[in-house]
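The lines below spell out each chain.
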Amino acid sequence: MQLLPYLVAFWLFAVGMYGLSTTRNFIHATGSLAVVQASTYVMLLAIGFRRGGRAPVLYGVSRGAPIVDPIVQALALTDIVVGAAAAALILSFAVNAARRAGTLDPRELRAMRG
Amino acid sequence: MTGRARAVVVVASAALAAAFLVPAFAHLPPLDVYPGPYGDAVEPISLAERKTTNVTAAVAYDVRGFDTLGEETILVAAVAGVGMLLRPGKRKRHPPAAEDRVRDLQRALDASRPAVRLASADVLPVALVFGTYMTLHATQTPGGGFQGGAIIASAVTLIYLGWDYTAWSRLVSERWMDVVEAFGMLVFLALFLVPLALGQVFAANWMPLAKSGKLGSGGVMFVLNIGIALAVAAGFVLIVAEMLRELHEPEQPS
Amino acid sequence: MSPLELVAFLLVALAGGAVALERDPKRQVVALSFMGLVLALLFVVLQAPEVALSQLAVGGVLVPLLFLAALARTGQRREP
């Protein structure tokens, strides 16, 4: 039970990788990539959490109250925006590939390249 | 490798990784405990030296502002990449044929959804104001340039969701979004480079700090967040605009 | 671990599994939006409001919109 956050992160990574490697559709692959990225968010924030800690916003809060780690939150923030940018780029790759090759199947695209 | 073989390989590798990782997870601190020194070291810096009550914003835009610079550059590069991929080299913009226009009009009439339009018209200005509020109060309450910019971008996409592509293409000009995004990025870079001219380090907090809880607390962070919000909002609107244009004005085979 | 955190973590695991194992892209977009929502909920439970706001706006609205636009575009080709 204590391991649950890390197990959830590992499960998300593994199932996202499984979806990514056995996909037959580029757009489905992008969704699986989003799951893999979600595993990193869960891992980061689980490390930074502290029982009884408040959110790292000190507005109107007495000094000395314990807060959760703000640094991993800044990292997760960066991670989310970069993930969205990567997803947008991969989707436009997929649209371009479909436009040129007429298919979204990664296996068929590989065959056409040869 | 067939699909079945690939699936077997993936599951076997995951089991092998789990065999190593799960005992390793037992050595990580449990959820309740945060032992690390860095989070506790940053909190006094944020309030005492930067007068910022939003510690995460102080970390993201000041203490580790260099990471945010990299992230902003990644976003701008992604927007450029999407624009390059979805904009073919040379193409004559064929005006839509008469039957296409009739079909689009018919589709628009059939799909007239007054409830969605009403909801969009109600939510759009509120969301714009909320995104602006969140950007401006980055240093006091949760929020910041990224969140505010993303909310503003979502509000602008409501134009397409509530109305149709004609309204979107008339109201949202890709050229202006390019300008706004570049301007936001320029503000970001300029704010980080100015302290070099003043004899301080790169990305030092060189603006005066107001009292914590006021709007200008955090010094540079106030203007920085506005620049970030402009760049992020314009960037996301640009990505959506490129995708929608690819959808509604597909390349005509020459 | 409080029940709220337990439920949040399990919901995220469920949503992630649904996204990766759903083969039909149209259904996967709905699952993706649900995962974005559930992730934002988990972030709130873990006392990270900034991250939750960012995830809501980006992963709940913008990314599914891009998915739908890409799907519609690649579905268009199959018409003729």
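Residues numbered from 1 in each chain as written. Chains lettered and ligands numbered in written order. Predicted model: local features only at pLDDT ≥ 70, side-chain atom pairs only at ≥ 80, totals over all residues. Heavy atoms only, no water.

Asks: Describe the overall build of chain C, and please don't skip the residues or the numbers.
Replies: When helices and strands are counted, chain C shows 3 helices and 0 strands. What you see for chain C is a C-alpha radius of gyration of 15 Å, clearly larger than the 12 Å of a compact globule of 80 residues, by over 25%. Residues counted as buried form 55% of the 80 residues belonging to chain C. Here the contacts in chain C between residues at least 6 apart in sequence split such that 49% fall between residues at least 24 apart. With an accessible surface of roughly 3300 Å², chain C has 71% of that area assigned to carbon and sulfur atoms. Of the charged side chains in chain C, 6 are positive and 5 negative; the average position of the first set lies 16 Å away from that of the second. (Helix = DSSP H or I, 4+ residues; strand = E, 2+ residues; numbered from the N terminus. Rg over C-alpha atoms; globule rule 2.2 N^0.38 Å. Buried < 20%, exposed > 50% of the residue type's maximum accessible area, 1.4 Å probe, protein only. Contact = heavy atoms within 4.5 Å. Areas by Shrake-Rupley, 256 points an atom, 1.4 Å probe, with all protein chains shown as cover. Lys, Arg positive; Asp, Glu negative; His and termini not counted. Charge placed at Lys NZ, Arg CZ, Asp CG, Glu CD.)

Asks: An account of the packing of aromatic side chains is needed here, citing residue identities and associated values.
Replies: Residue and element names in this part refer to chain B. Following the criterion strictly, the structure yields 6 aromatic pairs over all chains and no others. For the pair Phe188 and Phe192, a centre-to-centre distance of 5.0 Å together with 75 degrees between the ring planes defines the contact as edge-to-face. Of this pair, Phe188 and Phe192 both sit in helix 9 (residues 174–197), 4 residues apart, which is roughly one turn of the helix. When sorted by exposure, Phe188 lands in the same class as Phe192, which is buried. (Phe/Tyr/Trp six-rings, centres within 6.5 Å; stacked < 30°, edge-to-face > 60°.)

Asks: Account for helix 1 (residues 3–25) of chain B, naming residues and giving values.
Replies: Relative to the 33 Å expected for 23 residues at 1.5 Å per residue, helix 1 of chain B spans 31 Å between its end C-alpha atoms, a close match to the ideal helical length. Three or more residues of helix 1 of chain B are buried, namely Arg6, Ala7, Val10, Ala18 and Phe25 of chain B. (Expected span 1.5 Å × (residues − 1).)

Asks: Help me get a handle on the interface of chain A and chain B, residues and values and all.
Replies: Taken together, the contacts link 47 residues of chain A with 53 residues of chain B. Taken together, both faces of the contact between chain A and chain B bury some 4500 Å²; the carbon and sulfur share is 71%. When the buried surface of chain A facing chain B is broken down by residue, Phe10, Leu58 and Arg99 of chain A rank first, second and third, together holding 13% of it. For the interface between chain A and chain B, the tally reads 3 salt bridges. Between chain A and chain B we count 12 residue pairs in polar contact (both at pLDDT 80 or more) in total. Looking at the side of chain A that touches chain B, the elements that each hand over two or more residues are helix 1 (4–21), helix 2 (26–48), helix 3 (70–101) and helix 4 (106–113) of chain A. Among the residues making up the side of chain A that touches chain B, the classes are represented as 31 nonpolar, 8 polar and 8 charged. (Buried area = accessible area lost by both parts, 1.4 Å probe. Salt bridge = Lys/Arg side-chain N within 4 Å of Asp/Glu carboxyl O. Polar contact = N/O pair within 3.5 Å; in protein donor to acceptor, adjacent residues only side chain to side chain. Nonpolar A, V, L, I, M, F, W, Y, C, P; charged D, E, K, R; others polar.)

Asks: So what about the pattern of salt bridges? Which residues, and what values?
Replies: Tallying each qualifying case throughout the model produces 8 salt bridges over all chains. Between Glu242 of chain B and Arg245 of chain B there is a salt bridge; the shortest N-O distance is 2.8 Å. One end of the pair is Glu242 of chain B and the other is Arg245 of chain B, both in helix 10 (residues 220–248) and 3 residues apart, which spans about a single turn. The class for Glu242 of chain B is buried, based on a relative accessible area of 3%. Note that Arg73 of chain C and Glu246 of chain B form a salt bridge whose closest N and O atoms lie 2.9 Å from each other. Here Arg73 of chain C, found in helix 3 (residues 49–76), pairs with Glu246 of chain B, found in helix 10, and the two come from separate chains. Each member of the pair, Arg73 of chain C as well as Glu246 of chain B, carries the same accessibility label: buried. The network of salt bridges with common partners includes Arg51 of chain A, Asp32 of chain B together with Glu5 of chain C.

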